[in-house]
Amino acid sequence: QELMDAEAKPSAPRLPRYERHVQPCLAELLGTALFIFTGCLAVLEEPGGTGRLQPALAHGLALAAAAAVLGDI
């Protein structure tokens with residue numbers, strides 16, 4: 001009986017190689033590049049007095065923009 005139940009259940013379809021491997025790697029690459037780019041630009045010019053606030057706001061706004069634009073994907 002258990003053998004028949006195991007055979008009757010359909011298995012989940014395997015995702016293509018692109019969706020399993022390439023797409024997550026590209027997403028990590030894009031996210032890392034975005035945060036490094038915004039972090040470097042945030043501390044490039046020190047206007048004085050902002051301290052840690054400017055890089056924190058730059059990273060937060062970059063994350064919010066990425067989530068708003070790419071949230072449906």
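Conventions adopted
- Residues numbered from 1 in each chain as written.
- Predicted model: local features only at pLDDT ≥ 70, side-chain atom pairs only at ≥ 80, totals over all residues.
- Heavy atoms only, no water.
- UniProt positions renumbered as here; feature names shortened; annotations may be inferred.
- Helix = DSSP H or I, 4+ residues; strand = E, 2+ residues; numbered from the N terminus.
- Buried < 20%, exposed > 50% of the residue type's maximum accessible area, 1.4 Å probe, protein only.
- Areas by Shrake-Rupley, 256 points an atom, 1.4 Å probe, with all protein chains shown as cover.
- Patch = residues over 30% accessible without salt bridge, like charges linked within 9 Å, V, L, I, M, F, W, Y side chains within 5 Å.
- Salt bridge = Lys/Arg side-chain N within 4 Å of Asp/Glu carboxyl O.
- Expected span 1.5 Å × (residues − 1).
- Bend = angle between axes of the 7 residues up to and from the residue.
- Contact = heavy atoms within 4.5 Å.
- Axes fitted to C-alpha atoms, helices over the stretch in contact; angles between N-to-C directions.
- Left-handed = near helix turned anticlockwise from the far one by under 90°.
- Nonpolar A, V, L, I, M, F, W, Y, C, P; charged D, E, K, R; others polar.

- Looking at an unreviewed UniProt entry, one finds the protein named AQP8 protein, with Cardinalis cardinalis as its source organism.
- According to the UniProt record, the Subcellular location (unreviewed entry) comment for the protein is "Membrane".

**Let's talk about the overall build of the protein**
Link 1 in the chain: Of the regular secondary structure elements, the protein holds three helices and zero strands.
Link 2 in the chain: For the protein, with 73 residues in total, the buried portion stands at 7%.
Link 3 in the chain: As displayed, the protein offers around 6,500 Å² of accessible surface, 67% of which is attributable to carbon and sulfur atoms.

**Quick word on a nonpolar patch on the surface**
Link 1 in the chain: Together, Tyr 18, Val 22, Leu 26 and Leu 29 make up an exposed nonpolar region whose accessible area comes to about 390 Å².
Link 2 in the chain: Summarising the element assignment, Leu 26 is placed in helix 2 (residues 17-42).
Link 3 in the chain: The exposure class of Leu 26 is partly exposed, given its relative accessible area of 45%.

**Here we look at helix 2**
An α-helix turns once every 3.6 residues. As a result, residues three or four positions apart point the same way.
Link 1 in the chain: Compared with an ideal rise of 1.5 Å per residue, which puts 26 residues at 38 Å, helix 2 spans 37 Å between its outermost C-alpha atoms and is within 8% of the ideal.
Link 2 in the chain: Bending of helix 2 peaks at approximately 30° at the position of Gln 23, with proline Pro 24 no more than four residues after it.
Link 3 in the chain: Within helix 2, burial applies to Thr 38, Gly 39 and Ala 42.
Link 4 in the chain: Each element contacted by the buried residues of helix 2 is listed here: helix 3 (53-70).

**Remarks on the environment of Tyr 18**
Link 1 in the chain: Positionally, Tyr 18 belongs in helix 2.
Link 2 in the chain: Ignoring anything within four residues of it in the chain, the contact list for Tyr 18 reads Gln 23, Pro 24 and Leu 26.

**A few points about the packing of helix 2 against helix 3**
Axes are the key here: two packed helices are described by the angle between their axes and the distance separating the axes.
Link 1 in the chain: The geometry of helix 2 relative to helix 3 is characterised by a closest axis approach of 9 Å and an angle of 145° between their N-to-C directions. Crossing hand, helix 2 versus helix 3: right-handed. Residues Leu 30, Leu 34, Phe 35, Thr 38, Gly 39 and Ala 42 of helix 2 touch helix 3, and the partners they reach there are Gln 54, Pro 55, Ala 58, His 59, Ala 62, Leu 63, Ala 66 and Leu 70.
Link 2 in the chain: Broken down by class, the residue content of the contact of helix 2 with helix 3 amounts to 10 nonpolar, four polar and no charged.

**Quick look at the environment of Pro 55**
Link 1 in the chain: Relative to the helices and strands, Pro 55 is located in helix 3.
Link 2 in the chain: The sequence separation of Pro 55 and Leu 44 amounts to 11 residues, and the corresponding C-alpha distance is 9.9 Å.
Link 3 in the chain: Not counting residues within four places of it along the chain, the set of residues in contact with Pro 55 comprises Ala 42 and Val 43.

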